[in-house]
Amino acid sequence: VVGGGRSHCALTLREEGGSKPWLAVYDEGSLSGTQLQGKALGVGPQNAEPILQGDVLRLGAEVTVKIEAVSSVLRLDDSDGLAAFFEEVGETDTAQTLRQEPRVSEAIVSFSLTAGPSSSRWSASSGNRDSQPFDDFPGASFNNFNSDDF
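Below is a short write-up of the structure. These numbers were taken from a predicted model, which means no experiment stands behind them.

### A look at the sheet that holds strand β7 (residues 49–50)
Part 1 of the argument: Ordered in space as β3-β4-β7, the 3 strands form an open sheet in which the pairing is antiparallel. Looking at the sheet topology across the chains shown, the edges are occupied by β3 (9–14) and β7.
Part 2 of the argument: Bridging between strand β4 (residues 22–27) and β7 involves 2 bridges; their strand directions are antiparallel. Looking at the pairing, Ala24 lines up with Pro50 of β7.

This is how it looks when you write it as C-alpha cells:
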C-alpha cells in the first residue's frame, strides 16, 4: 500500500505449517505509522498481523482503508474450489469444465483468464472451445484442445 509517495505498509499472503493461507499486514517503517483496528502495527514482516474482511487500516493520520472483502486463495490443484469461484463470477462453462477435467485445471484457468469474461465457451465433453472470439489473432487455434496432451 502506498501512502504519501512511499511505501507505507505491506499486505502479504502467509501460509504457515500447512494452515489455510491468510492475508497479513505490517508497517514498512513509515514515519507516521500504520494502525489496524486502532492498534499500531509493528515494523517488518516478523510483526505481521492477520487482516480480515471489515477491518479498518489507517495509514498515518490522513488515509483510512476499510477492507471490504478478502477472498479465499485459489489453488490450481483445487479444481472444485476453482470451479466454485468461476461459478460465483458467472463463468459456468469454465466451472463445468474444471469439474469434468480436473487434470488440466491450469490450462483451463489460464485460457479462461486470458480470454476474458464470457469468451470461455469450452465444450466440456470434448475439451474444445469456440474460437470465434480469437479470429483477430492469426494462427491462434483453440479448437484442438485435448486434455490428453497434459
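### Some remarks on unusual backbone geometry
Leaving glycine out, the prevailing phi sign among residues is negative, and the prevailing peptide bond configuration is trans.
Part 1 of the argument: Of note, Gln37 is a non-glycine position whose phi angle comes to about 55°, a positive value.
Part 2 of the argument: Structurally, the position occupied by Gln37 is in the loop between β5 (34–36) and β6 (39–40).

### Remarks on the packing of helix α1 (residues 79–88) against helix α3 (residues 105–115)
Part 1 of the argument: Here α1 crosses α3 at 20°, and the two axes come no closer than 11 Å. The orientation of α1 with respect to α3, classified from their angle, is roughly parallel. For α1 against α3, the interelement crossing comes out left-handed. Here Ser79, Leu82 and Phe86 of α1 lie close against α3, whose contacting residues are Ser105, Val109, Ser112 and Leu113.

### Some words on the pattern of salt bridges
Once the charged atoms of two side chains with opposite charge are near each other, the side chains can pair.
Part 1 of the argument: By the definition in use, this model includes 2 salt bridges.
Part 2 of the argument: The residue Lys39 makes a salt bridge to Glu49 at a minimum N-O spacing of 3.7 Å. Within this pair, whereas Lys39 is found in strand β6, its partner Glu49 is found in strand β7, the two being separated by 10 residues in sequence.

### Description of the pairing of strand β8 (residues 56–59)
Within a regular strand, side chains alternate between the sheet's two faces.
Part 1 of the argument: Burial along β8 is one-sided: the face carrying Leu57 and Leu59 is buried and the face carrying Val56 and Arg58 is not.
Part 2 of the argument: Bridge count between β8 and strand β9 (residues 63–66): 4 bridges; the pairing is antiparallel. When the sheet's bridge partners are listed, Val56 is paired in β9 with Lys66.

### Regarding the sheet that holds β9
Adjacent strands of a sheet pair through backbone hydrogen bonds, lying either parallel or antiparallel.
Part 1 of the argument: Sheet architecture is open: 4 strands sit in the order β6-β5-β8-β9, paired in antiparallel fashion. Single-partner strands in this sheet number two, and they are β6 and β9.

### With respect to a nonpolar patch on the surface
Part 1 of the argument: A contiguous nonpolar surface patch, about 230 Å² in accessible area, is contributed by Leu74, Phe85 and Val89.
Part 2 of the argument: Mapped onto the elements of the fold, Val89 is located in the loop between α1 and α2 (92–100).

How each quantity is defined
Residues numbered from 1 in each chain as written. Predicted model: local features only at pLDDT ≥ 70, side-chain atom pairs only at ≥ 80, totals over all residues. Heavy atoms only, no water. Pairing = 2+ DSSP bridges. Helix = DSSP H or I, 4+ residues; strand = E, 2+ residues; numbered from the N terminus. Axes fitted to C-alpha atoms, helices over the stretch in contact; angles between N-to-C directions. Parallel < 35°, antiparallel > 145°, perpendicular 65-115°, else oblique. Left-handed = near helix turned anticlockwise from the far one by under 90°. Contact = heavy atoms within 4.5 Å. Salt bridge = Lys/Arg side-chain N within 4 Å of Asp/Glu carboxyl O. Buried < 20%, exposed > 50% of the residue type's maximum accessible area, 1.4 Å probe, protein only. Patch = residues over 30% accessible without salt bridge, like charges linked within 9 Å, V, L, I, M, F, W, Y side chains within 5 Å. Areas by Shrake-Rupley, 256 points an atom, 1.4 Å probe, with all protein chains shown as cover.

Bear in mind that shape data such as this cannot, by itself, settle questions of function.
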